[in-house]
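# Survey of secondary and tertiary structure
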Amino acid sequence: MRIWILLLLCGINTACVIDARVKDTVIGPERQVAVPVNERSIVSVRIPAGDVDVLASDGEDLTAELVIRCASEDSACARRLRDVSFVTRERRDGSISITLSRNSSTGYRDAEVQATIYVPKAAQLALDMTAGDLHVGPINACVEVDMGAGDVNVFARTSDYRSVDIDAGVGDASLSVDGRNFDAPRSWLVGAQMEWRDGSGRCDMVVDLQAGDIDVRLN
């Protein structure tokens, strides 16, 4: 993640502290969760901060794995995050929510977080992050992203999408459709917005990023 994005986020959140120490100590066991979904399921996932990879799965469960690293076992980071776990809820409308037991991004300011999410066929996946890097591979679900700061890369199938809306408040945004590249026009010289409406699929993609770069590629 670019340092200027971190500085911008810290400017928004005065509790943010950039910790340059090497974070190579895994804290606690690898966290895992598995949630049954079907092609009608609408799933929202909230990872406050970290590096997140979203991949397709051939199974029937949406599964997620989380690894947390701190500078040492006796650090404040380790004491704070040792008991972090996944929390799942099914709402009255049947949609599914997956979050972490510590939901504020400031709690992860001195940690390295790596999450991997495996998604089977579902109706929609909505991803919510405050800060980090997000990589979404082609998955069998419509994608929505709401992020504060970081970089977003989405790879998807052209045949799945009807439209794409991308908005980078501070940063660059680009879209590639079957090898044809589009650069989003800038708003007030700092942000970039783009709308694409030429698809024939069932999905409408929305990527909203306050600070950072967006790269969406449809093939």
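Keep in mind that what you see is a predicted model, and the values were worked out from it rather than measured.

It is worth spelling out the pattern of salt bridges at this point. The final tally for this structure, using the stated rule, is nine salt bridges. Between Arg197 and Asp165 there is a salt bridge, with the nearest N and O atoms lying 3.1 Å from each other. Here Asp165 lies in strand β11 (residues 161-170) and Arg197 lies in the loop between β15 (191-196) and β16 (203-218), a separation of 32 residues in the sequence. In this structure Arg197 comes out as partly exposed when scored by relative accessible area, which is 47%. A single salt-bridge network, built from bridges that share partners, covers Asp165, Glu195 and Arg197.

Moving on: the confidence of the model for the protein. The predicted model of the protein has a mean per-residue pLDDT of 90, with 88% of residues at 70 or higher. Throughout residues 1-5 the model reports pLDDT below 50, and contacts reaching past four residues in sequence, or to other chains, amount to 14 contacts. Below pLDDT 50 for its whole length, residues 11-15 participates in four contacts with residues either more than four positions away or in separate chains.

Criteria and cut-off values
Residues numbered from 1 in each chain as written. Predicted model: local features only at pLDDT ≥ 70, side-chain atom pairs only at ≥ 80, totals over all residues. Heavy atoms only, no water. Salt bridge = Lys/Arg side-chain N within 4 Å of Asp/Glu carboxyl O. Helix = DSSP H or I, 4+ residues; strand = E, 2+ residues; numbered from the N terminus. Buried < 20%, exposed > 50% of the residue type's maximum accessible area, 1.4 Å probe, protein only. pLDDT = per-residue confidence, 0-100. Contact = heavy atoms within 4.5 Å.

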